[in-house]
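Coordinate analysis (summary)
In case you want the letters, here they are:
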Amino acid sequence: MFDGADTEYKFMQSLKSTGLYADPREYVISNELRPGVINNEQGMDNDPITGILMPIKFQLKKYLESPMVFETILGNLNPSPDGYIRSLIDGIVWQQKVAGHSSNIVIPLNLFFDDFTTKDTASPHASRTSVLGVYYYIPCLPGYILAKLANILVAGYILSEDRKEYENEELFSNLVEVLIDLELNGVNITHNGANVTVHFMVGFITGDNLGISGILDLVESARANFYCRLCKRNREQREKDTVEYEESFRTIDGYDQDLRQNDVSSTGIHKNSIFNSIPSYHVVSNVYFDLMHDLWEGVCMYGLAHCLNYFIKVKKMFSLTELNCRKNLFVFGNLNSSNIPNDIKDTNLVRSKVKMTASEIRTMVTFFPLMFGKLIPENDAVWSYFCNLLKICHILMLREIHPSLLITLKTIVNIHHTQYQQLFDDQLKPKHHNILHYSFFILNSGTPRHQWAMRGEGKHRDAKQYSRVNNNNINICKSLSIKAGYKFAFNLYNNSFITPRIDLSQSKVLTCPPNTDVQSFLTERSISVSSIKFVDSFIKQGSTYNKGTFFYVSHCNIINIFELDCIMIGEDDNLKIVCRSVLCRTFDEHLQSFEVQIMLNPKLLSNIAQFETHTINLHTVNERLYFRFCNFSIMDEPIESLIVC
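Notes on the structure in this doc start here. In this text the structure is predicted, and so the values were computed from the model without any measurement.

Definitions and limits used
Residues numbered from 1 in each chain as written. Predicted model: local features only at pLDDT ≥ 70, side-chain atom pairs only at ≥ 80, totals over all residues. Heavy atoms only, no water. Helix = DSSP H or I, 4+ residues; strand = E, 2+ residues; numbered from the N terminus. Rg over C-alpha atoms; globule rule 2.2 N^0.38 Å. Buried < 20%, exposed > 50% of the residue type's maximum accessible area, 1.4 Å probe, protein only. Contact = heavy atoms within 4.5 Å. Areas by Shrake-Rupley, 256 points an atom, 1.4 Å probe, with all protein chains shown as cover. Lys, Arg positive; Asp, Glu negative; His and termini not counted. Charge placed at Lys NZ, Arg CZ, Asp CG, Glu CD. Core = buried A, V, L, I, M, F, W, Y, C linked by side-chain atoms within 4.5 Å. Expected span 1.5 Å × (residues − 1). Polar contact = N/O pair within 3.5 Å; in protein donor to acceptor, adjacent residues only side chain to side chain. Axes fitted to C-alpha atoms, helices over the stretch in contact; angles between N-to-C directions. Parallel < 35°, antiparallel > 145°, perpendicular 65-115°, else oblique. Left-handed = near helix turned anticlockwise from the far one by under 90°. Nonpolar A, V, L, I, M, F, W, Y, C, P; charged D, E, K, R; others polar. Pairing = 2+ DSSP bridges. Arc of directions from axis to C-beta. Salt bridge = Lys/Arg side-chain N within 4 Å of Asp/Glu carboxyl O.

The next thing to look at is the overall build of the chain. For the chain, the helix and strand inventory stands at 23 helices and 21 strands. Taking 2.2 N^0.38 as the reference for a compact globule, 645 residues should give roughly 26 Å; the C-alpha atoms of the chain span a radius of gyration of 27 Å, in line with that estimate. If one aligns the C-alpha atoms of the chain with their principal axes, the spans along those axes are about 85 × 65 × 50 Å. When the 645 residues of the chain are sorted by exposure, 56% land in the buried category. In the chain, of all internal contacts separated by at least 6 residues, the share reaching a separation of at least 24 is 70%. Approximately 28900 Å² of the chain is accessible, and the part contributed by carbon and sulfur atoms is 49%. Charge-centre separation for the chain: the mean point of 61 positive side chains lies 4 Å from the mean point of 69 negative side chains.

Below, the structure written as structure tokens:
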């Protein structure tokens, strides 16, 4: 269909004619006079400050009309029937929003705001190439779908430098108008031959702490007296609080009173947010914290630094050289090989600081017990603190959380914060205070892992890659928006949004039959080897499964671990796999890990597509096999309808 599209203009027209592309809108933020050449003479020329807004209604219409997108959303719009908290839909905030809406179909939208640098940061013009990316996504989609960057759509771009000079009303008024229109009028789509009107409500405005506070016109400095977005505990109180004080929570009435007071130092509010003009949205109801920045780049970073200083400098349980050596020799497994941190330097350790990315600190903290636990006495107080930190990490990273577990979370956080102050003689940081609110956050807004900023920051990758090969900086936001439109058209044309739950497109049929043990096992169950095909692998929810893959099946805090032996496709094209069970021998409290054993008797799983599964790595320590997992799940209790025989 692109025959004759030998210029970018013709290519763009071809995309428009086929309904794959719509022009982004450039809107004027402010008109300025700047020195320029007019009619070959030096003078003052009009140079408008502009922002870019993508055709959001066009994108949503095309997105929902793509194969399986609307069906998948509808299948996840109702709260979980088993009482577990998973996505935003299970949260109290969303249920209150939709309770008063008359429309039959209301879909949540989360907005993500974050600044990123598109060029060399050492350039004299680097400040003019830093961009605020505004993205949006539908948070009720399953996690494996949201993990695909194609399902995070671009809403617009604004130069970061312009944010310093202009108010949020000038920057985001056009975006807010679109969001109001989406809520009141919705989008008309065609589904199964019928016209359907779909309305959208803003769920939460997300991003890092600094970004959210700036977007919502709240105080941005972490050292401000009233920094917290959820409560009004002052700085001195926050540095000592080990529990949450619900009586200090911000309310809509209190927000209005603070606006009238007009004193940011005593309220933490600069001005009324432009986003409060959205009918269903209010800043006070934006109960959101980011797990990536608060936990991994915050609480874990502080805690690990103090622990390393204690183990190496104070108690001398092991040296810095041994630390780096053990880290480099430890087999993290194929799932973690890309996130292994660099060696820790002595200069950082002296200052009780470690410098790692969120993924690296997550890997280091997660496997620290298996690497060094045997070198540390069981009754050590700092090790007890570190184990409590691991328990917090485990609960907050769960994909489904029962409300009863939130009471446990509050208790562990209380112990953790008390230990931190007593053991390290250090004040609690703002991110420690944020962790106090996570039980309330989960109950009101869904699991934090489902909405964290990790994938939102990953969305910057496309814009950064294009900026490296684009030397034109005259209007970089417009250039990025056009490329984002092309990428959306590409995903639309290739139906890249929803991947099948089980993908066999890259599987290869094996010519050699499986080993004799598997053949005997199948024969005993009246399964003819000649009537089935054996394949080398399959893809489920973005993860590749092949021979030797360890994975666990989870449902309502019950997990079963298996080692995959062979993959079969029957005459009915149904997938079946032969596995070996991995049984739990005991839970090692000191290592915060399950000691496991691989059983020899094979098992046949025929309905693996119906369950939530995740690939894992098992680790050998002192000739014992461990699964690094805290004990907030039940192992080895068989899940109903999972194992055939």
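Now that the structure is up, let's keep going.
Our next topic: the nonpolar core. Counting 168 residues, the largest nonpolar core has Leu-64, Phe-275, Trp-296 and Phe-368 as its most contacted members. Top contributing element to this core by residue count: helix H12 (residues 291–314), with 14 residues. The residues touching Phe-275, leaving out its near neighbours within four places in the chain, are Leu-111, Phe-113, Phe-172, Leu-175, Val-176, Leu-179, Ile-205, Ile-215, Leu-216 and Tyr-281. Listed in part, the 15 residues of the second largest apolar core include Phe-551, Ile-567, Leu-575 and Leu-605.

Moving on to helix H16 (residues 381–396). Along its 16 residues, H16 runs 23 Å from first to last C-alpha, staying within 8% of the 22 Å computed at 1.5 Å per residue. Burial analysis of H16 places 14 of its 16 residues in the buried class, which makes it a mostly covered element. Residue Asp-380 occupies the N-cap position of H16, its side-chain oxygen lying 3.0 Å from the main-chain nitrogen of Val-382.

Close contact between H12 and helix H15 (residues 358–372) brings their axes to 10 Å; oriented N to C, the two are set at 50°. One element, H12, and the other, H15, form an angle in the oblique class. Remark: the crossing between H12 and H15 carries left-handed chirality. Every residue of H15 that contacts H12 at Met-292, Trp-296, Glu-297, Cys-300, Met-301, Leu-304, Leu-308 and Phe-311 is listed here: Ala-358, Ile-361, Arg-362, Met-364, Val-365, Thr-366 and Phe-368. Taken together, the residues that form the contact of H12 with H15 break down as 12 nonpolar, 1 polar and 2 charged.

Attention now moves to the sheet that holds strand E10 (residues 502–503). Taken together, 3 strands build an open sheet; the order of strands is E10-E12-E13 and the sheet is antiparallel. Each end of this open sheet is capped by a strand with a single partner; those strands are E10 and strand E13 (543–546). In this structure, strand E12 (residues 537–540) lies alongside E13, joined through 4 bridges in antiparallel fashion. Bridge pairing in E13 places Lys-540 opposite Ser-543.

The next subject is the packing of helix H21 (residues 460–469) against helix H22 (residues 476–493). Where H21 meets H22, the closest approach of the two axes is 10 Å, and the angle between their N-to-C directions is 120°. Taken together, the axes of H21 and H22 lie oblique to each other. Considering only the axes of H21 and H22, their crossing is right-handed. Listed contacts from H22 to Asp-462, Ala-463, Tyr-466 and Ser-467 of H21 are Ile-476, Ser-479, Leu-480, Lys-483 and Lys-487.

Strand pairing within a sheet occurs via backbone hydrogen bonds; the two strands may be parallel or antiparallel. Judged by pairing direction, the sheet is mixed, and its 7 strands sit side by side in the order E1-E4-E7-E6-E5-E9-E8 without closing on themselves. A strand with exactly one partner marks an edge of an open sheet, and here the two such strands are strand E1 (25–30) and strand E8 (187–191). Taking each pair of neighbouring strands and ignoring which way they run, the sheet shows an average axis angle of 30°. Bridge count for strand E4 (residues 49–53) against strand E7 (residues 153–159) is 2 bridges, and the pairing is antiparallel. Looking at the pairing, Leu-53 lines up with Gly-156 of E7. Strands strand E5 (106–117), strand E6 (130–137) and E7 of the sheet are contacted by H21, whose axis makes an angle of about 40° with E5.

A word on H21. Spacing of three or four residues puts side chains on the same side of an α-helix, whose turn is 3.6 residues. The complete set of buried residues in H21 reads His-460, Ala-463 and Ser-467. Down the axis of H21, the smallest arc covering the buried residues is 70°, so these residues share one side. More than 90 degrees from the buried face of H21, the exposed residues found are Arg-468 and Val-469. Where the residues of H21 are buried, they touch E5, E6, E7, helix H20 (454–458) and H22.

Moving on, we come to unusual backbone geometry. Note: most peptide bonds trans; most residues except glycine with negative phi. Positive phi, close to 60°, is recorded for Asp-217, a residue that is not glycine. Checked against the element boundaries, Asp-217 lands in the loop between helix H8 (209–215) and helix H9 (235–238). Within the chain, Asn-262 stands out as a residue other than glycine whose phi angle is a positive 55°.

Here we take up the pattern of salt bridges. Inspection of the entire model under this criterion finds 25 salt bridges. Among the salt bridges present, the one from Arg-233 reaches Asp-241, with a minimum N-O distance of 2.8 Å. Residues Arg-233 and Asp-241 agree in their burial class; the two are buried. Residues Arg-525 and Glu-524 are paired through a salt bridge, measuring 3.2 Å at the closest nitrogen-oxygen approach. Accessibility expressed as a relative area gives 31% for Arg-525, which makes it partly exposed. A single salt-bridge network, built from bridges that share partners, covers Asp-82, Arg-86 and Glu-400.

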